Amino acid sequence: MTPHPPRSVVEETPPGLEGRSERTTDSREGTATPRTGRLQRAGACSGLKVAVPSHTVHGIRGQALYLPVHYGFHTPASDIQIIWLFERPHTMPKYLLGSVNKSVVPDLEYQHKFTMMPPNASLLINPLQFTDEGNYIVKVNIQGNGTVSASQKIQVTVDDPVTKPVVQTQPSSGAVEYVGNMTLTCLVEGGTRLVYQWLKNGRPVHTSSTNSFSLQNNSLHIVPVTKEDIGNYSCLVKNPISEMESDIIMPTIYYGPYGLQVNSDKGLKVGEVFTVDIGEAILFDCSADSYPPNTYSWIRRTDNVTYVIKHGPRLEVASEKIAQKTTDYVCCAYNNVTGRRDETHFTIIITSVGIEKLAQKGKSLSPLASITGISLFLIISMCLLLLWKKYQPYKVIKQKLEGRPETEYRKAQMFSGHEDALDDFGIYEFVAFPDASGVPRVGFPSG
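Residues numbered from 1 in each chain as written. Predicted model: local features only at pLDDT ≥ 70, side-chain atom pairs only at ≥ 80, totals over all residues. Heavy atoms only, no water.

- As recorded in an unreviewed UniProt entry, the protein chain goes by HEPACAM family member 2 and comes from Balaenoptera musculus.

Here's what the structure looks like:
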């Protein structure tokens, strides 16, 4: 054949593989270098490069699998030969098909299973079976002023998709905390190479002092169960081609009672003592955390005698029916599954709360009224003092005299007979002196 001019062959990336990471092998150096997208040109080098998007491809049994291959070269080429081989561990490679330029020569045993369309070196396997799992080797030979070769190996795995798993609980009736054990088992009908993962409230479950897993991780053992083990559990199953998660289940764990307490809708509570007014009906509520719910009973203690007065979580006490001023009560909570019991004590004191409140209210108002009266008295006194200072007669007259003209002031002095009109102010005493005629006369003090 006539030698071809220098050329470069770049195979198109099959649909769905654009942008995937590839590795190329240089036939001269035998080294693998990473690449992305299509095979890049080798510049001035005249060597051959072969690239595959991935060295491991996962296929689904019964479906077609496409193995994309890219190659490129810069060398005079007369012939392009492509060969596909198949090998399993510890076996010799087996010839599948080959081509020279555009002529394909398949192995007659596999001519209907494997397809290639040269110069495209990619291989189509249809349909894919478990027996097709292994290593596929593609070799490209370029003949020109010599022969250059390059090859790549692709590992193919074949799996069935995972079906939806189902979780079973043993015992199905539940377990009592600190006494019983529980096992969750994940069952899957279809799928190969399964990997199990347990989730609690959406987070992975890890090995702990009470949690352990089976060899394949498909069973979770909780020994013993506690209240903290309550939650939403699910099983996530994966394989190379798919994953599925089971429905959420909540194992039944019996626990309690915990945190028993008594509360009331009325009255004053101080510690375990309730103060209630005479004639006032008060409702008490007894509650505790447990599963299943507790059964409650109320006990009264009077004169060292204890007797049950009511069953249920609530108790109503009418204070006018109680003869004593102080009465002791007990609320008992019992879980009939765990067999555990708890109780809390409290005391009711009957007092004249209403009368005492009014008396205390009056007493509390007396100091307030005193303070208010004193404050008002001080304010009024200060106002009167300010008014007296501002409008006292001495200053008013002095201001008026100082404001009069000097001539009028002198007239006032001549009329009064005093140098200063202010001297007229003082205390006067009227004294009667009898004269010879027997008519009393009134005298005025001078000065």
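**Side note on the pattern of salt bridges**
Part 1: Under the counting rule described, the total for this entry stands at ten salt bridges.
Part 2: The partner of glutamate 177 in a salt bridge is arginine 340, with the nearest N and O atoms 2.9 Å apart. In this pair, glutamate 177 is assigned in the loop between strand 16 (175-176) and strand 17 (182-187) and arginine 340 in strand 32 (residues 340-351), connecting sequence segments 163 residues apart.
Part 3: Linking arginine 341 and glutamate 343 is a salt bridge whose minimum nitrogen-to-oxygen distance equals 3.1 Å.
Part 4: For arginine 341, a relative accessible area of 51% translates into the label exposed.
Part 5: Through salt bridges with shared partners, a single network forms among Glu133, Asp159 and Arg193. (Salt bridge = Lys/Arg side-chain N within 4 Å of Asp/Glu carboxyl O. Helix = DSSP H or I, 4+ residues; strand = E, 2+ residues; numbered from the N terminus. Buried < 20%, exposed > 50% of the residue type's maximum accessible area, 1.4 Å probe, protein only.)

**What to know about the side chain of serine 122**
Part 1: As for its position among the elements, serine 122 is in the loop between strand 11 (114-115) and strand 12 (123-125).
Part 2: A polar atom in the side chain of serine 122 sits 3.0 Å from the backbone nitrogen of valine 69.
Part 3: When sequence neighbours within four positions are dropped, the list of residues in contact with serine 122 reads Tyr66, Leu67, Pro68, Val69, Trp84, Thr115 and Met116. (Polar contact = N/O pair within 3.5 Å; in protein donor to acceptor, adjacent residues only side chain to side chain. Contact = heavy atoms within 4.5 Å.)

**Re the sheet that holds strand 12**
Within a sheet, neighbouring strands are paired by backbone hydrogen bonds and run either parallel or antiparallel to one another.
Part 1: Strand order in this open sheet of three strands is 6-12-11, and the pairing throughout is antiparallel. Each end of this open sheet is capped by a strand with a single partner; those strands are strand 6 (65-67) and strand 11.
Part 2: The pairing of strand 11 with strand 12 spans two bridges and is classified as antiparallel. By the bridge assignment for strand 12, phenylalanine 114 is matched with isoleucine 125. (Pairing = 2+ DSSP bridges.)

**A closer look at the sheet that holds strand 27 (residues 281-291)**
Part 1: Read across the open sheet, the four strands follow the order 16-24-27-30; overall the sheet is mixed. In this open sheet, the two strands that pair with only one neighbour each are strand 16 and strand 30 (314-318).
Part 2: Pairing of strand 16 with strand 24 (residues 253-264) involves two bridges; the strand directions are parallel. In the sheet register, alanine 175 faces strand 24, and the bridge partner there is isoleucine 253.

**What to know about the state of the cysteines**
Part 1: All chains considered together, the criterion is met by two disulfides.
Part 2: Between cysteine 186 and cysteine 235 runs a disulfide, and the two sulfur atoms are separated by 2.1 Å. Taking the sign of the S-S torsion, about -95° here, the bridge from cysteine 186 to cysteine 235 comes out left-handed. Taken together, the positions of cysteine 186 in strand 17 and cysteine 235 in strand 22 (residues 233-239) put the pair 49 residues apart, joining distant regions of the chain. Cysteine 235 matches cysteine 186 in its accessibility class, with the two residues each being buried.
Part 3: Shown here is the disulfide that connects cysteine 286 with cysteine 331, its sulfur atoms set 1.8 Å apart. The S-S bond linking cysteine 286 to cysteine 331 shows a torsion near -110°; that makes this disulfide left-handed. (Disulfide = S-S within 2.5 Å.)

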